[in-house]
Amino acid sequence: MILRVAVAVVAVCCVVIPNAVEAQSVNPAQAELERGAQLGRGTQLERGTQIARDTQTAGAKSSVFGYRDFSQEAGIEQKFLAVPSAKLAGEELKTLTAEPHMAATPEDKKTADYVAQKFKAAGLETEIVPYKVLLNQPKVVKVEAFDAAGKQLMSGPTRERVQGDPFDDNPRVVMPFNGSSGSGDVTGEVVYANYGRLEDFDELEKQHIDLHGKIVIVRYGANFRGVKVYIAEKRGAAGVLIYSDPQDDGFFKGDPYPMGPWRPESGVQRGSVQYLFKYPGDPETPGVASTADLPDSARVNPEGNQPHIISIPLSYEDAAPILKAMKGPSVPQGWQGSLPFRYHLGPGGVKVHLASQQDYQRRTIWDVVGKIKGTEDPDNWVVVGNHRDAWVYGAVDPNSGTAALLEAVHGVGALIHEGWKPKRTIIFGSWDAEEEGLIGSTEWVEQHADQLKNAVAYFNTDVAVSGPDFGASAVPSLKNFMREVTKAVPSPMGDTVYQEWRANRHGSNEHRASNAPPQPGDEVHVSDLGSGSDFTPFLQHVGVPSTDVGSGGPYGVYHSVFDNYAWFTLNADPHFVYLQQMARVLGVETLRMADTDVLPYDYEAYAHEVKAYIESAKRKAEDAKLTGLDFGPALAADAKFVAAAEHGHKLQANATGDVARLNSTLRATETALVSQAGLPNRPWYKHTIYAPGEYTGYAAVVIPGVNEAIEAKDARTAAAQLGVLTECLNRAAQTLESAH
Ligand SMILES: [Zn+2]
């Protein structure tokens, strides 16, 4: 990755951090080109610029899948693309991140009012939707460590601070804590469990290290932090410390802030440890919306997705004295981090005292929802969303996405003011309390579950900009749609987002210039949707085809006080041109889906991907010597899905006359992949193809019911889940076959 700081900062001894990088005297795109040139993206750019212009005009071509004649829409798209402003996006980001704005705080409400005002100005039918949800806020968070002689080694968490940062001493900065942590006061010996993955805890078991009554210390990375606590609790631990090892997002990766983008020694990653792989949202109302008027009787015991033990996040400044004093076996090599001493597993050498008082209350949060009613298919919603709440200032996470969303709304607003109306209803959602467990989006989805059965797409962005490298995730039926959208959006580098995306894939320029269709296997990769952001309730609870987009770069300050406007303008996007780019990507996704004649789902890609998933599960079962599992029926059902998808594609490509029935059949095919019974032990997750793994939390586990049963060596459940999958694939095939 590129070290950007060299460009921006000259003083070495005391770093001067300008708290308002207003480089607006220069043309942002020109400045970015120059910066791009400094970053060695030399000569191709001129050619790229030409291509972008060509591509922009290319958008005018009539051949966009789903459109009978794209020319009119091309005009609308070009009008839209001209509106999102880098300057305004920068100002919106500055306003949104002026104060810490954690969910349910007065500052959070201020950002909701700000977003609502912007939505209204664009001509959206706007409402602020309150939900009453169970949330903890920290009262006491304390960690003390003592050596064998009882000498105190450290006391924390220590306040985050670096020289010259204009934001880190604000009294409204919340102390480092974990959302959904338990409360209590425990003291115990310490055991190091590396990343806290299942295999790490199994390694400790293999070494006969018992965790009962112990404090487990793990490092961030590799899986969702809630999974680390989940397994530690299952194995009897009394508490968990989660720290950021410099090997993973600190000086081992590059210059730490303020010299560079990586995590400084006092930097702490806050974050939820909710067991969202069980179910996200308000822990007291799984599957039910926590509307303000929900009677208390409708609430359940929250322990379904909440840890019972204490969890506290630490910087490596605070973790180092603990790790250094630990005795016991030396760690396996892969467990060694980058602190300047050898790590040991424990127990022994140090005792840690944890005190945690978490103030759990049903607090009000605010989603902001803006709507433009569709003229032809008002019940077919296109939903676009980003969360607004942050742990502290949230410059990258999530407000780079909020600024992009606001500029997309700005562009759509300009079309509305010119009298344009979409065919399908467009809904912009600014979700609250995502950080605490995808809460604002989940409550809204649970409230509108019936209507969302007709929603044709959900477009998400969260950490929209931390650098120049575009990436996307999507259900397979929208992966090509995503690629096509990026071919119509100019990148700050002068070519298209698609060409930059491809160039980055290959890490070379040669692909930047070529518009030639990629060779098989040479296409840009669109990832699968796991979890960790607001697409989860849309796709994995009600089955809305979804995408998630972002533009990445070196970003070590996630969930710390340093994810602020100063860091952002130094490291991520000084001229806000990537915010502008992401606004354009979101906007083109939205317009194309809202006005398309035929829904551009690609079920052939879907059916082929599922075939690969089943074959790989079959191999895994064989490797695990799990006999008696018959994959034949599932493969046969998928083969029918492939054939039906080919039939569907022909109809989509040559659609004439009234396509309403074809479109509802196409949309119903995704719903066919949803099983109302849900996954074993976690029925809230109803999609049979995608879910976050019970032991990953973020990364997608495909055909999760089957794969997780195989991993658990549970042949009976695996067989049952193969049956459920076969049923869904047959239903998807029958649905598509019925299309005409
Ligand atoms: Zn986020």
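Computed from a prediction, not measured in an experiment: that's the story for all the values here. (Residues numbered from 1 in each chain as written. Predicted model: local features only at pLDDT ≥ 70, side-chain atom pairs only at ≥ 80, totals over all residues. Heavy atoms only, no water.)

Student: Sorry, what's going on with the overall build of the protein chain here?
Tutor: Summing up its helical and strand segments, the protein chain has 24 helices and 16 strands in all. For the protein chain, the proportion of its 740 residues judged to be buried stands at 63%. Across the protein chain, contacts joining residues at least 24 apart in sequence account for 80% of those joining residues at least 6 apart. Surface summary for the protein chain: the accessible area is close to 25,500 Å², and the carbon and sulfur share equals 54%. (Helix = DSSP H or I, 4+ residues; strand = E, 2+ residues; numbered from the N terminus. Buried < 20%, exposed > 50% of the residue type's maximum accessible area, 1.4 Å probe, protein only. Contact = heavy atoms within 4.5 Å. Areas by Shrake-Rupley, 256 points an atom, 1.4 Å probe, with all protein chains shown as cover.)

Student: Would you mind going over the nonpolar core with me for this structure?
Tutor: Counting residues in hydrophobic clusters, the biggest one holds 212 residues, and the most contacted among them are Ile322 and Trp444. Of the residues forming this core, the biggest block, 11 residues, is contributed by helix α19 (residues 577-595). Mapped onto the domain boundaries, this core takes at least three residues apiece from domain 1 (1-600) and domain 2 (603-737). (Core = buried A, V, L, I, M, F, W, Y, C linked by side-chain atoms within 4.5 Å. Domains from an automatic or database assignment.)

Student: Before we go on, may I ask you to explain the pairing of strand β2 (residues 152-156) in this structure?
Tutor: Two strands pair when backbone bridges link them, and strand β1 (residues 125-147) and β2 are joined in this way by four bridges, in the antiparallel orientation. From the neighbouring strand, Glu144 faces β2, where its bridge partner is Ser155. The hairpin turn running from β1 into β2, its antiparallel successor, is four residues long, and Gly150 in that turn takes a positive phi close to 90°. (Pairing = 2+ DSSP bridges.)

Student: Hey, could you run me through the environment of Leu294 in this one?
Tutor: By the element assignment, Leu294 lies in the loop between β7 (271-272) and β8 (310-314). Along the sequence, Leu294 and Lys132 sit 162 residues apart, while their C-alpha atoms lie 8.5 Å from each other.

Student: Looking at this structure, how should I read the packing of helix α11 (residues 399-417) against α19?
Tutor: Axes are the key here: two packed helices are described by the angle between their axes and the distance separating the axes. It is the contact of α11 with α19, at a shortest axis distance of 8 Å, that shows an interaxial angle of 55°. Between α11 and α19, the angle is such that the two are oblique. As α11 packs across α19, the resulting crossing turns out to be right-handed. Only Leu579, Met582, Ala583, Leu586, Gly587 and Leu591 of α19 make contact with α11, whose side of the interface consists of Ser400, Ala403, Ala404, Leu405, Glu407, Ala408, Val412 and Leu415. Residues that form the contact of α11 with α19 fall into these classes: 11 nonpolar, two polar and one charged. (Axes fitted to C-alpha atoms, helices over the stretch in contact; angles between N-to-C directions. Parallel < 35°, antiparallel > 145°, perpendicular 65-115°, else oblique. Left-handed = near helix turned anticlockwise from the far one by under 90°. Nonpolar A, V, L, I, M, F, W, Y, C, P; charged D, E, K, R; others polar.)

Student: What is the right way to look at the packing of helix α6 (residues 106-121) against α11 in this model?
Tutor: Contact pair α6 / α11: the axes reach a minimum separation of 8 Å and the direction vectors enclose 20°. In terms of orientation, α6 lies roughly parallel with respect to α11. On α11, the residues that touch Tyr114, Val115, Lys118, Phe119 and Ala121 of α6 are Thr402, Leu405, Leu406, Val409 and His417. For the contact of α6 with α11, the class distribution of residues is seven nonpolar, two polar and one charged.

Student: Is there a simple way to think about the packing of aromatic side chains in this case?
Tutor: How two aromatic rings sit relative to each other is set out by the distance from centre to centre and by the angle between their planes. Under the defined criterion, the tally for this structure stands at 31 aromatic pairs. Ring centres of Tyr606 and Phe641 lie 6.3 Å apart, and the angle between their planes is 45°; on these two criteria the pair is classed as tilted. Placement of Tyr606 in helix α20 (residues 603-623) and of Phe641 in helix α21 (residues 632-653) is noted, with a sequence separation of 35 residues between them. Of the two residues examined, Tyr606 and Phe641, each falls in the buried class. Through a chain of ring-to-ring contacts, three or more aromatic side chains come together here, namely Tyr601, Tyr603, Tyr606, Tyr613, Phe641 and Tyr690. Against the face of Tyr498 rests Lys487, its NZ or CZ located 4.7 Å from the ring centre. (Phe/Tyr/Trp six-rings, centres within 6.5 Å; stacked < 30°, edge-to-face > 60°. Lys NZ or Arg CZ within 6 Å of the ring centre and 35° of its normal.)

Student: Can you walk me through α20 in this structure?
Tutor: Because each turn of an α-helix spans 3.6 residues, side chains separated by three or four positions in sequence point in the same direction. Its 21 residues place the ends of α20 30 Å apart at the C-alpha level, agreeing with the 30 Å of an ideal helix rising 1.5 Å per residue. Along α20, the residues that are buried comprise Tyr603, Tyr606, Ala607, Val610, Tyr613, Ile614, Ala617 and Ala621. Buried residues of α20 fall within an arc of 115° about the axis and therefore sit on the same side. In this fold, the buried residues of α20 make contact with α21, α22 (660-671), β15 (690-692), β16 (700-702), α23 (704-711) and α24 (715-737). Sitting at the head of α20, Asp602 places a side-chain oxygen 3.2 Å from the backbone nitrogen of Glu604. Following α20 by one or two positions, Lys625 adopts a phi angle in the positive range, close to 50°. (Expected span 1.5 Å × (residues − 1). Arc of directions from axis to C-beta. Polar contact = N/O pair within 3.5 Å; in protein donor to acceptor, adjacent residues only side chain to side chain.)

Student: Honestly, the side chain of Glu407 in this entry has me stumped. Any pointers?
Tutor: Structurally, Glu407 is set in helix α11. For the buried residue Glu407, which engages in no salt bridge, the nearest side chain bearing the opposite charge is Lys118, 5.6 Å off. (Lys, Arg positive; Asp, Glu negative; His and termini not counted. Salt bridge = Lys/Arg side-chain N within 4 Å of Asp/Glu carboxyl O.)

Student: I keep staring at the pairing of strand β14 (residues 546-552) and nothing clicks. Help me out?
Tutor: In regular strands, side chains alternate between the two faces of the sheet. For β14, a buried count of six out of seven residues is recorded, marking the element as mostly surrounded by other parts of the structure. Of the strand pairs in this sheet, strand β12 (residues 457-465) and β14 are connected by five bridges, and their pairing is parallel. Each bridged residue has a counterpart across the sheet, and for Tyr458 the counterpart in β14 is Ser546. Across six bridges, the pairing between strand β13 (residues 469-474) and β14 is antiparallel. Note on β14: the bridge partner recorded for Ala474 is Thr547.

Student: Got a minute to help me understand the pattern of salt bridges in this structure?
Tutor: Close approach of charged atoms allows side chains with opposite charge to pair. One pass over the full model with this rule turns up 37 salt bridges. Between Glu284 and Arg362 there is a salt bridge, with the nearest N and O atoms lying 2.7 Å from each other. Residue Glu284 is located in the loop between β7 and β8, and its partner Arg362 is located in strand β9 (residues 350-372); the two are separated by 78 residues in the primary sequence. Owing to a relative accessible area of 8%, Glu284 belongs among the buried residues under this scheme. Overall, the relative accessible area of 32% leaves Arg362 in the partly exposed class. Each of Asp282, Glu284, Asp296, Arg299 and Arg362 takes part in one network of salt bridges that share partners.

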